[in-house]
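# Examination of the molecular architecture
The lines below spell out each chain.
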Amino acid sequence: MTEWEIVIGLETHAQLNTSSKIFSAASTAFGAAPNAQACAVDLALPGVLPVLNKAAVGCAIKFGLAVGATIAPRSVFARKNYFYPDLPKGYQISQYELPVVQGGTLTMWIGQGEQAYEKTVHLTRAHLEEDAGKSLHEDFHGKTGIDLNRAGTPLLEIVTEPDMCSAAEAVAYAKALHALLRWIGICDGNMQEGSFRCDANVSVRPKGREKLGTRREIKNLNSFRFMQQAIDYEVKWQIETLEDGGSIQQATVLFDPDTGTTRAMRSKEDAQDYRYFPDPDLLPLEISPAWIAETRASLPELPGAMKARFERDYGLSAYDAMALTASRETAGYFEECVTVAGTPGTKLCANWVMGELAARLNEADLGVAASPVSSRQLGGMVARIADKTISGKIAKDVFDALWNKAGGDADSIIEARGLRQITDTAAIEKLIDEVLAANPKSVEEFRAGKEKAFNALVGQVMKATKGKANPQQVNELLRKKLAG
C-alpha cells in the first residue's frame, strides 16, 4: 500500500493598519455604507494616478525585519491583469519579479506536551498589493451588487515555501503569523472582517519521491478551524482520487463549512495567465538603509528574542517560553504576574497562565486582555502559594472567587473566607494523633506495606482541617509518626 506525503504552502493576505488606502487617500475604516469609501482612484476614473502610501511600505519593512528577511533596496509594482466585476481597472496593482520582502523564516511549536516539536517555515517573499472590491450576492433580487469600499485597501501577501506536511503544521504557522502581525502592530488580525485571509496550496506525493504532486489551492480560509477541516478533507480527497486510479488537475477550490468539503471553482491560473508587466504609473520603490535602520529601532522586543529571555532570565523550558510568547498580550500578562508574585513564583505564574487561566479563557471564548482575573490579581494569589499562605488546592477556590468578581484581591478573599493554610507543626501533629487513634486498621495496613493506606490517612487529616493543612507538612509528619 502506498504511503503518502502531504505538502502544503500558504499564501496569506494581511490587511495593513493604515488609515488610508495604498494608492489613494480614501479611508480604510470597516463597516461604511457600500461604496462610501471609494474615491476616483479606487474607481479607476479616466486620468487618475495612483500615489503610494508610505505608511504601507513602513509596515512591509517592519514585517521583513521581524522575520529576518532581506528588504529589497529597490522593488517594482506590476499590473496583474484579470477581469472580474469587483476589479474596476481590469488589473490589480501588485508586485511580481521584485517584491519588497525576500526570504525570512517563522518558527513555532506544533502540538502539546511530550509530543510537541519545533518547526521552522521558510518564507519565499512578502509583497505589497491592493485589495479588490467585494461582490454581494444576497438581497439583490437575483442580481449581484458591487461594493468597492475594499478596492485599494493595502495588503501584504506573505508566501511560504512548501514546508508544511500536515494541517496541524499549517494551522500552527497561520496562528504564529497572525500573532506576529498583531505583535508588531501592522495588522489587526480580525478574520471576521477579512483582515487576515489564507490560501492553502495542497498536494500529495508517494513517500520518498522528490517531485511535487499537482497542487490545488483552497481560497479564502478565514478561520483556523476551517483551515484544519479544509486541508484534512482535501488531503483525504486527493489520496482517494489517486488510489482509485484518477489524476489531480491543478485548480482553485473553495471550502464549504456547512458540508465540510472542498469544491473546484476554476482551473488554476499560472503567472503567465495574468500577463504581469511593470506599472507605468508608479516609479520603482526605493528604500534607503536609513529608513530600514529607523524602522528596526522602532520595533518592540520580538517573540524570538523574548522567548530566549524567558528561558535565560526565568529558567523556563523552551516549550513554556514559546507558549507564553505566543501573543504579546499573554507575554505581558505573564511578566506582570511575575513582577507581583516575585521570583519564587515564576514557575507557578507560568503554570497558572498556561493552565487554569488559559482553560477558563478558552471556555469563555475570551482573549487574555479581557480576562476577569487581572495579571496583578493572579500574581498576588501566586505569591500566597509561594509563601505557603495557601495550598495549590485552596488556590483554586481563590481563583474561582477572583474569576467571579467576588471582590478584592487574593489577600482579602483569603482573610474573608478563612482560607489561610495551617502550618503550625504542633497543631498538625495533634490532628495526626487523633486520626491515627481513630483509624487503627489503616495504620496496620500501612505497616504491612500497603501505600494506599497512607494516602487514606493523609486524606483524613486534610478532611479534619478542611483542606487547610500544608499537604507537604502533613506527609512528612505523618510518615515520621508512623515510623516511630
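Attention here is on the structure that accompanies the text. Predicted, not measured: the structure shown is a model, and the values here were computed from it.

### Structural notes on the overall build of the protein
A count of helices and strands for the protein gives 15 helices and 17 strands. The C-alpha atoms of the protein give a radius of gyration of 29 Å, which is well past the 23 Å a tight globule of 484 residues would have. By principal-axis analysis of the C-alpha atoms, the protein measures approximately 95 × 55 × 50 Å. Every one of the 484 residues in the protein was classed for burial, and the buried ones make up 48%. In the protein, 54 positive and 61 negative side-chain charges are present, and the distance between their average locations comes to 4 Å.

### Examining the sheet that holds strand β16 (residues 277–278)
Read from one edge of the open sheet, three strands run β5-β4-β16, paired in antiparallel fashion. What marks the edges here is a single partner per strand, and that holds for β5 (91–94) and β16.

### A word on the pairing of strand β7 (residues 105–110)
Only one face of β7 is buried: it carries Leu 106, Met 108 and Ile 110, and the other face, with Thr 105, Thr 107 and Trp 109, is open. Bridge analysis of β7 against strand β8 (residues 117–130) gives six bridges, and the strand direction is antiparallel. Residue pairing in the sheet places Met 108 in a bridge with Lys 119 of β8. Hairpin connection between β7 and β8: a loop of six residues separates the two successive antiparallel strands, and Gly 111 in this loop has a positive phi of roughly 80°.

### Overview of the side chain of Glu 130
Within the element layout of this structure, Glu 130 appears in strand β8. Of note is the side chain of Glu 130, whose polar atom sits 2.9 Å from the backbone nitrogen of Ile 93. If sequence neighbours within four positions are ignored, Glu 130 has contacts with Ile 22, Phe 23, Lys 89, Tyr 91, Gln 92, Ile 93, Gly 152, Thr 153 and Leu 155.

### As for empty space enclosed by the protein
Going through the model one piece at a time under the given rule, you end up with one cavity of 30 Å³ or more. For the largest cavity, the calculated volume is near 80 Å³. Asp 42, Lys 89, Glu 130, Ala 151 and Gly 152 are the residues nearest the centre of the largest cavity, which is lined by 15 residues in total.

### Quick word on the pattern of salt bridges
Under the criterion given, the structure shown has 24 salt bridges. Its salt-bridge partner being Lys 21, residue Asp 42 comes within 3.2 Å of it at the nearest N-O pair. Within this pair, whereas Asp 42 is found in the loop between β1 (4–15) and α1 (54–66), its partner Lys 21 is found in the loop between β1 and α1, the two being separated by 21 residues in sequence. The residues Asp 42 and Lys 21 share a single accessibility class, namely buried. We note a salt bridge from Asp 320 to Lys 347, for which the minimum N-O separation is 2.5 Å. Taken together, the residues span a long stretch of sequence, with Asp 320 in helix α6 (residues 318–324) and Lys 347 in helix α8 (residues 346–364) at a distance of 27 residues. On the basis of relative accessible area, Asp 320 is assigned to the buried category, the value being 8%. Residues joined in a network through salt bridges with shared partners are Arg 79, Asp 279 and Asp 281.

### Let's talk about helix α5 (residues 303–314)
What sets the pattern is the α-helix's 3.6 residues per turn: residues three or four places apart point alike. Between the first and last C-alpha of α5 there are 15 Å, a value that for twelve residues agrees with the 16 Å anticipated at 1.5 Å per step. Along its buried surface, α5 packs onto β7, β8, α2 (167–183), α6 and α7 (328–341). Just beyond α5, the residue with positive phi is Gly 315, at close to 70°.

### What to know about the packing of helix α12 (residues 425–438) against helix α15 (residues 471–483)
Helix-helix packing: each pair is described by the crossing angle between the helix axes and the interaxial distance. Closest axis-to-axis distance for the α12/α15 pair is 10 Å, and the angle between their directions is 55°. Judged by the angle between their axes, α12 and α15 are oblique. Seen along the crossing, α12 lies across α15 with a hand that is right-handed. Every residue of α15 that contacts α12 at Thr 425, Ile 428, Glu 429, Ile 432, Asp 433 and Leu 436 is listed here: Gln 473, Val 474, Leu 477, Leu 478, Lys 481 and Leu 482.

### Overview of α7
Given a rise of 1.5 Å per residue, 14 residues ought to cover 20 Å, and the 20 Å separating the end C-alpha atoms of α7 matches this to within 8%. Among all positions in α7, only Thr 330, Ala 331, Tyr 333, Phe 334, Glu 335, Cys 337, Val 338 and Ala 341 are buried. Once α7 ends, the next one or two residues include Gly 342, with phi positive near 90°.

Calculation notes
Every chain's residues receive numbers from 1 upward, in the order its sequence appears when written. Reporting in this predicted model follows two pLDDT cut-offs: at least 70 for local features of residues, and 80 or more for side-chain atom pairs to be given and counted; totals over whole chains, interfaces and linings ignore these cut-offs and use all residues. As a rule here, side-chain values come from all non-hydrogen atoms in the structure, and water together with hydrogens is ignored. Per the convention used, a helix needs a DSSP run of H or I reaching at least four residues, while a strand needs a run of E reaching at least two, with both numbered from the N terminus. Using C-alpha atoms as the atom set, the radius of gyration is obtained and then compared with a globule rule of 2.2 Å times the number of residues to the power 0.38. Note on exposure labels: buried denotes an accessible area under 20% of the residue type's maximum, exposed denotes more than 50%, and partly exposed covers the range between, all computed with a 1.4 Å probe on protein chains only. None of His or the chain ends enter the tally, which takes Lys and Arg as positive and Asp and Glu as negative. The atom standing in for a charge is NZ when the residue is Lys, CZ when it is Arg, CG when it is Asp and CD when it is Glu. Here, a strand pair is defined by DSSP locating no fewer than two bridges between the strands. Two N or O atoms form a polar contact when they lie within 3.5 Å of each other; inside protein one atom must be a possible hydrogen donor and the other a possible acceptor, and for residues adjacent in sequence the pair counts only when both atoms belong to side chains. In this description, contact between two residues means that some pair of their heavy atoms is separated by no more than 4.5 Å. Definitions used for this entry: grid spacing 1 Å over protein atoms alone; cavity, a set of points where a 1.4 Å probe fits but cannot get out; pocket, an open set with protein on both sides within 12 Å along at least 5 of 7 lines; lining residue, one with an atom within 4 Å of a point. Grid points are joined across faces, edges and corners, and a volume is the space filled by probe spheres set on the points. Salt-bridge detection follows one rule: a side-chain nitrogen of Lys or Arg within 4 Å of a carboxyl oxygen of Asp or Glu. What a helix should span is 1.5 Å times the count of its residues minus one. Only C-alpha atoms enter the line fits that serve as axes; for helices the fit covers just the stretch in contact. Angles between N-to-C directions range over 0 to 180 degrees. Each angle gets one of four labels, with under 35 degrees taken as roughly parallel, over 145 as roughly antiparallel, 65 to 115 as roughly perpendicular, and the rest as oblique. In this scheme the handedness of a crossing depends on how the near helix is turned from the far one: anticlockwise by less than a right angle means left-handed, clockwise means right-handed.

Geometric values such as these leave the question of function open.
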